[in-house]
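A structural walkthrough
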Amino acid sequence: MAEVSVALIGCGGMMEVHVRRGFRALWERGFQDFRIVACVDSNEMAAARMAESIAEWQGTRPSIYTCVDDFLAKETSVHAVDISLPHYEHHTVAVACLEAGKHVLLEKPLAITLRAGRKIVEAAKRKGLVLSIAENYRRTPYHRAIRWAIRQGRIGEPQQVYWLDAFERRWYWGWRDHVELAGGGWTLDGGVHFADLMRYHVGEVTEVTAQMATFNPMRFRRRDEQEELIPATIEDTTHALLRFANGAVGVWVETISAPARKIGTHVIYGSEGAVDLDVGLFLRGRDEPVSLTELQEEFMASLSEEERERLFPWGLTDDIAQEVHEFLIACAEGDPQVEVDGEEGYRSQGVCMAVYEAATLRQPISVTAVMALEVEAYQCSINERWQIV
């Protein structure tokens, strides 16, 4: 395949993960049909550090830019970009890159609001380019195995979902603690991963009822020091009820204001059994669960060589490496059909935004109506702030 030239936009912590577990891991496995040619970040030192680290294994040092417009003006031959920026910048940067003819790998969530996300999706379709959303959780071998087991009917018909995350975060997380910059709290930031998994395993969510609260509107500047309080404007607690297209119902709880006693429960109940996403498969009449390791081994043994190579190319089971590999292949072939494209990312974010809209309006909300931009009570002020029309 022809070499794909790639630029990295946003050289922070998540991009470091993309490089280390994605691009570098592929390079070291022998997949070297790409070259990272530019690092772009408003913090020049961050871009320089990333460029230097890439040079160590790639052999050539990417160019450094502090402005996306400058990069696009000078690097006209670059094929693709990997974008990892604060949510409020997703739509402006992604659309600019797509309009400039670049394929885009974009960190989740798709955008700060659905209206902003629609602009990205439409730009990719208009230009006929790859738009891949970095929704990696579903790609792990054990989530592939769980989906396989559910599709085989091992738990019967999926009927109930319990997704409960309760823990405490009192430290300040920068832009993520401000609704006008992040679009929402953990219900969006981490929640879009969870919505994707619920959709992946059970099916589409059709209706949402929800309540939200902010019990702790202040954060400590440093993780380990309880001093210098900073106000946060995101929600810190969400309780939602979900209805799925197949008739299943779900309870979804996210809170970062639960001191001392943590809860982390992610269970799908079917008519004949259950799957605990952190433990394994529970079957009626069997005392011990089928562990995730056992289930994964069963699943891997069931795959043909062709299926195994499609899901785990080059023998890679790391979810980040898989998404980067798929993106690079799609760019080389000019094929926008990737597993989590813009529309798929939009649907997962649609579930999250339906939760926010239901909590804001205090009534059940249709996910379809939210995705059609017919309900934007929560998102309206964010759209106005960023002039998203």
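Note: the structure precedes this text.
Reference entry: report on the structure contained in this document. Computed from a predicted model, the values in this text were never measured in an experiment. (Residues numbered from 1 in each chain as written. Predicted model: local features only at pLDDT ≥ 70, side-chain atom pairs only at ≥ 80, totals over all residues. Heavy atoms only, no water.)

**Things to note about the side chain of His-201**
Tracing the backbone through its elements, the reader meets His-201 in helix 9 (residues 191-201). Take His-201: its relative accessible area is 1%, and that puts it in the buried class. Setting aside anything within four residues of it in sequence, one finds His-201 in contact with His-143, Ile-146, Arg-147, Ile-150, Arg-151, Ile-268 and Leu-277. (Helix = DSSP H or I, 4+ residues; strand = E, 2+ residues; numbered from the N terminus. Buried < 20%, exposed > 50% of the residue type's maximum accessible area, 1.4 Å probe, protein only. Contact = heavy atoms within 4.5 Å.)

**Re the side chain of Asp-276**
Among the secondary structure elements, Asp-276 is positioned in strand 14 (residues 273-276). No salt bridge forms around the buried Asp-276; measuring N to O, its nearest opposite-charge neighbour Arg-261 is 12 Å away. Aside from chain neighbours lying at most four places away, what touches Asp-276 is His-266, Val-267, Phe-282 and Leu-292. (Lys, Arg positive; Asp, Glu negative; His and termini not counted. Salt bridge = Lys/Arg side-chain N within 4 Å of Asp/Glu carboxyl O.)

**Overview of the nonpolar core**
Grouped together as the largest cluster of nonpolar side chains are 86 residues, with contacts concentrated most on Ile-9, Phe-71, Ile-83, Val-208 and Trp-252. The leading source of residues in this core is helix 13 (residues 342-361), at 9 residues. Formed by 33 residues, the second largest nonpolar core is a distinct cluster that contains Val-6, Trp-27, Ile-54 and Phe-327. (Core = buried A, V, L, I, M, F, W, Y, C linked by side-chain atoms within 4.5 Å.)

**Section: unusual backbone geometry**
For the peptide bond that leads from Lys-108 to Pro-109, omega is -10 degrees, which places it in the cis range. Turning to its location among the elements, Pro-109 is positioned in the loop between strand 5 (103-107) and helix 5 (114-127). The backbone of Arg-362 sits at a positive phi, close to 55 degrees, despite the residue not being glycine. Relative to the helices and strands, Arg-362 resides in the loop between helix 13 and strand 17 (365-366). Located in the positive-phi region is Gln-387, a residue other than glycine, with phi close to 55 degrees. Tracing the backbone through its elements, the reader meets Gln-387 in the segment after helix 15 (380-385).

**Overview of the packing of helix 9 against helix 13**
The interhelical angle for the contact between helix 9 and helix 13, taken along N-to-C directions, is 110 degrees, at an axis separation of 8 Å. As the angle between them shows, helix 9 and helix 13 are arranged roughly perpendicular. In contact with Gly-191, Val-192, Ala-195, Asp-196 and Arg-199 of helix 9, helix 13 contributes Glu-344, Arg-347, Ser-348, Gln-349, Val-351 and Cys-352. A class-by-class count of the residues in the contact of helix 9 with helix 13 yields 4 nonpolar, 3 polar and 4 charged. (Axes fitted to C-alpha atoms, helices over the stretch in contact; angles between N-to-C directions. Parallel < 35°, antiparallel > 145°, perpendicular 65-115°, else oblique. Nonpolar A, V, L, I, M, F, W, Y, C, P; charged D, E, K, R; others polar.)

**Concerning the sheet that holds strand 7 (residues 158-166)**
Each strand in a sheet pairs with another by means of backbone hydrogen bonds, the pair being arranged parallel or else antiparallel. Spatial strand order, 16-15-14-13-7-12-11-8-17: 9 strands in an open sheet with mixed pairing. This sheet does not close on itself; its edge strands, each paired only once, are strand 16 (290-291) and strand 17. Docked against the sheet, helix 13 engages strand 8 (205-213), strand 11 (237-244), strand 12 (249-255) and strand 17, running at close to 55 degrees with respect to strand 8. (Pairing = 2+ DSSP bridges.)

**Some thoughts on the environment of Ile-256**
By the secondary structure assignment, Ile-256 is in the loop between strand 12 and strand 13 (263-270). With 86 residues separating them in the primary sequence, Ile-256 and Arg-170 have C-alpha atoms 8.0 Å apart. When residues no more than four places from it in sequence are discounted, the contact partners of Ile-256 are Phe-167, Glu-168, Arg-169, Trp-186, Arg-219 and Asp-236.

**A closer look at the pattern of salt bridges**
Within this structure, the stated rule accounts for 28 salt bridges. Residue Arg-199 pairs with Asp-196 through a salt bridge whose shortest N-O separation is 3.9 Å. With Arg-199 and Asp-196 both in helix 9 and 3 residues apart, this pair spans about one turn of that helix. For the pair Arg-199 and Asp-196, one class covers both residues: buried. Between Glu-228 and Arg-221 there is a salt bridge, with its nearest N and O atoms 3.3 Å apart. Three or more residues are tied together by salt bridges with common partners; here these are Arg-138, Arg-139, Arg-144, Asp-196, Arg-199, Glu-204, Glu-326, Glu-339, Glu-344 and Arg-347.

**With respect to the pairing of strand 2 (residues 34-40)**
Taking burial as the measure, the 7 residues of strand 2 include 5 buried ones, the bulk of the element. Examined bridge by bridge, strand 1 (residues 4-9) and strand 2 share 6 bridges and lie parallel to one another. The residue of strand 2 that forms the bridge with Ser-5 is Arg-35. Following the chain from strand 1 across helix 1 (residues 13-29) to the adjacent parallel strand 2, one finds a crossover that is right-handed. Pairing of strand 2 with strand 3 (residues 63-65) involves 3 bridges; the strand directions are parallel. Each residue of the ladder has a partner; that of Val-40, found in strand 3, is Tyr-65. Following the backbone out of strand 2, through helix 2 (residues 44-58) and into the adjacent parallel strand 3, one traces a crossover that is right-handed. (Right-handed = clockwise from strand over helix to strand, strands pointing away.)

**Thoughts on the pairing of strand 9 (residues 218-222)**
Here strand 9 pairs with strand 10 (residues 225-231) via 4 bridges, running antiparallel. Residue pairing in the sheet places Arg-222 in a bridge with Glu-225 of strand 10. Between strand 9 and strand 10, which pair antiparallel one after the other, the connecting turn spans 2 residues.

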